[in-house]
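Each chain, written out:
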Amino acid sequence: MSTYSVSDSTAAAPRAAVAFANPSGSYGVGLAASLAWLAFGLSCLAWPDVGDWSRTDSLGIGAIVIAACVLFGTFGADYLGGAGEGLRKRAPWLVALGALFTLWEVATAKFAWLPLPFFPPPQAILEVYTDDLPKLLDSVFASIKLQLGGYLIGAAVGFLTGVSIGWSQKVGYWVHPVLRFIGPLPATAWLPIAFFTFPSSWSASTFLIALATGFPVTVLTWSGVASVSSAYYDVARTLGAKPSFLVLKVAIPAALPHVFVGLFMGLGSSFAVLVVAEMIGVKAGLGWYLQWAQGWAAYANMYAALIVMSLLCSGAITLLFRTRDRLLVWQKGVVKW
Amino acid sequence: MVTQATTEAIVYPAVGAELDIEGVSHAFDIDGATLPVLDNVNLAIAPGEFVALLGPSGCGKSTLLRLVAGLEKPRGGTLREDEIRITGPHPSRVVVFQDPTLFPWRTVWDNVALGLEAQGILKTQRHRVDAVIDLVGLTSFRNAYPHQLSGGMAQRVALARALVNDPKILVLDEPLGKLDSLTRIAMQSELTALWQRKGFSTLLVTHDVEEALVLANRVIVLSDRPARIKADIAVARPYPRHRGDPYLAELRKQILGLLGLEATW
Ligand SMILES: Nc1ncnc2c1ncn2[C@@H]1O[C@H](COP(=O)(O)OP(=O)(O)OP(=O)(O)O)[C@@H](O)[C@H]1O
Ligand SMILES: [Mg+2]
């Protein structure tokens, strides 16, 4: 009898685990998400638009398709592996988004509770993505090109300068005062001069983005190199290390966490410079697209460009975090983005 | 000054280097004042000899080791390795510091490989790294990062990092200080075996009188700061030594007396 009860309890254990991993509550949230998106879809189709938008029906049908996918995914989650698990985790967010979109749709396109040209409905933004895609893509590529060039130059120059000041007192003597004098100046203050003195607005903007990136990278690399414990150098020197080894294999790896802080700060301030430079000088890029849309009072285009811009910036930060996590696996307890 | 003549001639292998410390004095400047740390220290270590340094905390033992390593220049006197004046660090004199100071961005294996890499001979000598990691018993932790190690394990990595260079003089600053007593005893016999096999000269700083007596050919007792040599005691006993040996117990009593601790033994 006792053996029987033992085998009985072991058989019950996995069943209990399944029930725990898949409580009815998670189905409930999935169902709610599906309903929220269904409501969004129906809200698009139920009433006539107050304005003239061509994508209302496609948006409504798209939302209903999403609702169907969520429903299917919720009940089929066990057979979908990682995707099902991901859906389950994001279900509460899907509920919130569906509700928000519904509200947005009703408040703008259907009853115009929000003043209209300034608050375009979702279908107007969708229309931008479908109908103005080539121009938007051109702008995206122009922005990425400008940002990437300036950022890489600024990061490289800043890193090298920082290591040199941190390592050599002679370099520090000359560069440090210059850095203190020029560094804190916002890079955008150079805009008027830069656009005059550089051969093209593109090179001027590259310079400004590099400047905005370079300052924090320099300062943090420098402080990182300067704060390396002398015990590390002692160890390396007694083991036969030459100065080049001390710089490349001791000072730089030890300073790398600081360098990444500088790279993050530089990324933030260079985004600001990018947008301003594009608005004022360069006739391309998302900043210019925003400016252009404002000139035509094309508010939907502005929102569309803003969304793309925020995705790009967020993507860039994520990329930097991934790089850092890969390079600094030896650190414990680092912030996850 | 208490000196005992070595009663039996010990033959050392030829690998170790001779170390001569002649009239070495040193001081630090702290806030304008001068803090004398070493006062006319004279010490000659024969090739392959194992010498232990004992002294009160803060008397200047680590400072003396830094001078031997060539990390600092003495204010007075000279240090010579095999008749050649010590002017800077050299991998023939490797130090195991009081703190393990492992590089946190390197794995255990890469930390141990540091010396060979710095000397540019790692490519052909990788087996030496593997061997010495096996020796300190960390084979399964070769890919771990320092923050994943215990204090004692980190100390063993530091020891391995020094040993892999096949030094002529091994300088040890309380290398077993952070180990629990069991590991400590195991590492002590490991160290003796290694020293006997390889024949390097050894200069060991320790707080533990018994450890000094079990390991060393000679025990040097230093005075309070500024450190002077108070006694130079030969430990004429063959290895392996036994902790209960009455001869060692007698020496221990004598040394504790020199350190002003006769009541506590
Ligand atoms: N870099 C330094 N600058 C100023 N004073 C120092 C420096 N290094 C050591 N000292 C001083 O020299 C004295 C001896 O220090 P040292 O580290 O050699 O002691 P120690 O004998 O190794 O002590 P312990 O056994 O506690 O390790 C101490 O009083 C310390 O304050
Ligand atoms: Mg010390």
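By convention here, each chain's residues receive numbers from 1 onward along its written sequence. Note on labels: chains are lettered from A, ligands numbered from 1, in written order. Reporting in this predicted model follows two pLDDT cut-offs: at least 70 for local features of residues, and 80 or more for side-chain atom pairs to be given and counted; totals over whole chains, interfaces and linings ignore these cut-offs and use all residues. Side-chain measures here rest on the full set of heavy atoms in the structure, leaving out hydrogens and waters.

Trainee: Just checking my understanding: could you explain the overall build of chain B for this structure?
Mentor: Numbered from the N terminus, helices here are DSSP runs of H or I no shorter than four residues, and strands are runs of E no shorter than two. Of regular secondary structure, chain B possesses 8 helices and 11 strands. We compute the radius of gyration from the C-alpha atoms alone; for a globule the expected value is 2.2 Å times N to the 0.38, where N is the number of residues. Here the C-alpha radius of gyration of chain B, 18 Å, is about what a compact globule of 265 residues would show, namely 18 Å. Working definition: with a 1.4 Å probe on protein chains only, accessible area under 20% of the residue-type maximum means buried, over 50% means exposed, and in between means partly exposed. Every one of the 265 residues in chain B was classed for burial, and the buried ones make up 52%. Whether two residues are in contact is decided by their heavy atoms, any of which lying within 4.5 Å being enough. Of all intrachain contacts in chain B linking residues separated by at least 6 positions in sequence, the fraction that spans at least 24 positions is 69%.

Trainee: What is the right way to look at the domain arrangement of chain A in this model?
Mentor: Where the parts come together, the accessible area they lose is often given as the size of the interface. As used throughout, domain bounds are those supplied by an automatic or database domain assignment. Domain assignment breaks chain A into domain 1 (2–115) and domain 2 (133–331). Computed over C-alpha atoms only, the centres of domain 1 of chain A and domain 2 of chain A are separated by 40 Å.

Trainee: I'm lost on the site of ligand 1 in this one. Help?
Mentor: All names here are of chain B. Contacts to ligand 1 come from 15 residues, most closely from S57, G58, K61, S62 and T63. What qualifies as a polar contact is a pair of N or O atoms within 3.5 Å, subject to a donor-acceptor requirement within protein and to the restriction that residues adjacent in sequence count only when both atoms come from side chains. Between ligand 1 and G58, the relevant distance is 2.8 Å, taken from an oxygen atom to a main-chain nitrogen or oxygen of the residue. Where accessible areas are quoted, they stem from the Shrake-Rupley method and a 1.4 Å probe; at the residue level, only the protein chains shown are allowed to cover. About the coverage of ligand 1: the protein hides 67% of its 630 Å² of free accessible area. Of all elements in the fold, only strand 2 (19–30), strand 3 (33–45) and helix 1 (61–69) reach the threshold of two or more residues within the shell around ligand 1. When its residues are assigned to classes, the shell around ligand 1 shows 5 nonpolar, 7 polar and 3 charged. We call a residue near a molecule or strand when any one of its heavy atoms sits within 4 Å of it. Note that Gly is not counted as nonpolar here; it falls among the polar residues with everything else outside the nonpolar set of Ala, Val, Leu, Ile, Met, Phe, Trp, Tyr, Cys and Pro and the charged set of Asp, Glu, Lys and Arg.

Trainee: Help me understand the coordination of the magnesium ion (ligand 2) in this model?
Mentor: Each angle at a metal carrying four tetrahedral donors should ideally be 109.5 degrees, and each at a metal carrying six octahedral donors should ideally be 90 or 180 degrees. Residues and elements named next belong to chain B. Surrounding the magnesium ion (ligand 2) are the protein donor atoms S62 (OG) and Q98 (OE1), at 1.9 to 2.4 Å. Residue S62 is located in helix 1, and its partner Q98 is located in the loop between strand 7 (93–96) and helix 2 (108–112); the two are separated by 36 residues in the primary sequence. Classification of Q98 as partly exposed rests on a relative accessible area of 36%. Shown as donors are all N, O and S atoms within 2.8 Å of a metal ion, widened to 3.2 Å for Na, K and Ca; because water is not in the atom set, sites may appear incomplete.

Trainee: Help me out: how do you make sense of the layout of surface pockets in this one?
Mentor: Empty space left among the atoms is revealed by rolling a probe the size of a water molecule over them. All names here are of chain A. A cavity here means a set of 1 Å grid points, computed over protein atoms only, where a 1.4 Å probe fits but cannot escape. A pocket is an open set with protein on both sides within 12 Å along at least 5 of 7 lines, and lining residues have an atom within 4 Å of a point. Grid points are joined across faces, edges and corners, and a volume is the space filled by probe spheres set on the points. Considering only enclosed or pocket space, the largest pocket measures out at about 600 Å³ in volume. In terms of lining, the largest pocket is formed by 28 residues, of which the most central are L148, Y151, L267, A316 and L319. Where the lining of the largest pocket is concerned, the elements lending two or more residues are helix 6 (133–167), helix 11 (243–280), helix 12 (286–295) and helix 13 (299–327). Broken down by class, the residue content of the lining of the largest pocket amounts to 22 nonpolar, 5 polar and 1 charged. Quantified by volume, the second largest pocket comes out at close to 450 Å³. Looking at the second largest pocket, it is lined by 25 residues, and the ones nearest its centre are A210, L211, A212, G214 and F215. At the level of secondary structure, the elements contributing two or more residues to the lining of the second largest pocket comprise helix 6, helix 7 (169–182), helix 9 (201–226) and helix 11.

Trainee: Any chance you could explain the sheet that holds strand 6 (residues 84–85) of chain B here in plain terms?
Mentor: Sheet strands line up and pair through hydrogen bonds in the backbone, either parallel or antiparallel. Residue and element names in this part refer to chain B. What the 4 strands build is an open sheet, ordered 3-2-5-6; its pairing is antiparallel. Bordering the open sheet on either side are strand 3 and strand 6, each of which pairs with just one other strand. In the sheet, strand 2 pairs with strand 5 (residues 76–81) via 5 bridges, with the strands oriented antiparallel. Across the sheet, L19 pairs through a bridge with E81, a residue of strand 5. Note on definitions: angles span 0 to 180 degrees between N-to-C directions of axes, and those axes are lines fitted to C-alpha atoms, for helices only across the stretch in contact. Along the sheet, helix 1 contacts strand 2, strand 3 and strand 5; its crossing angle with strand 2, the most-contacted strand, is approximately 120°. Only when DSSP finds a minimum of two bridges between them are two strands counted as paired.

Trainee: Would you mind going over unusual backbone geometry with me for this structure?
Mentor: The general pattern is negative phi for most residues beyond glycine and trans for most peptide bonds. Here R225 of chain B and P226 of chain B are connected by a cis peptide whose omega angle stands at -5°. Within the secondary structure, P226 of chain B is located in the loop between strand 10 (218–222) and strand 11 (229–234). In this structure, P240 of chain B follows Y239 of chain B across a cis peptide bond, with omega equal to -5°. The residue P240 of chain B is located in the loop between strand 11 and helix 8 (246–258) in this model. Phi angles above zero are rare outside glycine, and A112 of chain A is one such case at about 50°. Relative to the assigned elements, A112 of chain A resides in the loop between helix 4 (82–110) and helix 5 (122–131). Taking the relative accessible area as the measure of exposure, A112 of chain A reaches 34% and is therefore partly exposed. Positive phi outside glycine occurs at D166 of chain B, with the angle close to 50°. Residue placement: D166 of chain B occurs in the loop between helix 5 (151–163) and strand 8 (169–173).

Trainee: Help me understand the pairing of strand 3 of chain B, please; the structure alone is not making it clear to me.
Mentor: The side chains of a regular strand alternate, residue by residue, between the two faces of the sheet. Residue and element names in this part refer to chain B. Across 9 bridges, the pairing between strand 2 and strand 3 is antiparallel. Within the sheet, the bridge partner assigned to V24 lies in strand 3 and is V41. In sequence, strand 2 turns back onto strand 3 through a hairpin of 2 residues, with D31 there showing a positive phi of about 50°.

Trainee: Sorry, what's going on with the nonpolar core here?
Mentor: Note that soluble globular proteins tend to have their nonpolar side chains buried in a common cluster. Buried Ala, Val, Leu, Ile, Met, Phe, Trp, Tyr and Cys residues form a nonpolar core when they are joined through side-chain atoms within 4.5 Å. In terms of nonpolar packing, the biggest core is built from 120 residues, with V250 of chain A together with I21, V129, L203 and V219 of chain B touching the most fellow members. For V129 of chain B, the contacting residues outside a window of four places in its chain are W109, V112, A113, L116, L122 and V164 of chain B.

Trainee: Whenever I open this one, the side chain of S92 of chain B confuses me. Can you help?
Mentor: All names here are of chain B. Note that S92 resides in the loop between strand 6 and strand 7. Reaching out from S92, the side chain makes a polar contact with the side chain of E81 at a distance of 2.9 Å. Residues within four places of S92 in sequence aside, it is in contact with E81, P167, K168 and I169.

Trainee: Just checking my understanding: could you explain the environment of L248 of chain A for this structure?
Mentor: Looking at the secondary structure, you find L248 of chain A in helix 11. Between the alpha carbons of L248 of chain A and L312 of chain A there is a distance of 33 Å; along the sequence they are 64 residues apart.

Trainee: Can you help me understand the interface of chain B and chain A in this one?
Mentor: Listed by partner, the interface residues are 26 residues for chain B and 20 residues for chain A. Buried area: the accessible area, evaluated with a 1.4 Å probe, that two parts lose upon being put together, summed over both parts. Buried area between chain B and chain A, both sides added, is near 2000 Å², and the carbon and sulfur share of it is 70%. Here, a salt bridge means any side-chain nitrogen of Lys or Arg that lies within 4 Å of a carboxyl oxygen of Asp or Glu. Where chain B packs against chain A, one counts 2 salt bridges. In this structure, R66 of chain B and D234 of chain A form a salt bridge, with 2.8 Å as the shortest nitrogen-oxygen distance. Here chain B is connected to chain A by 4 residue pairs in polar contact (both at pLDDT 80 or more). By residue number, the principal contributor to the side of chain B that touches chain A is helix 3 (residues 114–118) of chain B, which donates 4 residues. Residues belonging to the side of chain B that touches chain A are distributed by class as follows: 14 nonpolar, 7 polar and 5 charged.

Trainee: Would you mind showing me how to read the pattern of salt bridges here?
Mentor: Proximity of charged atoms lets side chains of opposite charge pair with each other. Residues and elements named next belong to chain A. Across all of its chains, the model carries 21 salt bridges over all chains by this definition. Residue D325 pairs with R324 through a salt bridge whose shortest N-O separation is 3.2 Å. The partly exposed category is assigned to D325, whose relative accessible area is 26%. For R324, a relative accessible area of 11% gives the class buried. Taken together, the shared-partner salt bridges in this structure form one network comprising D49, E105 and K110.

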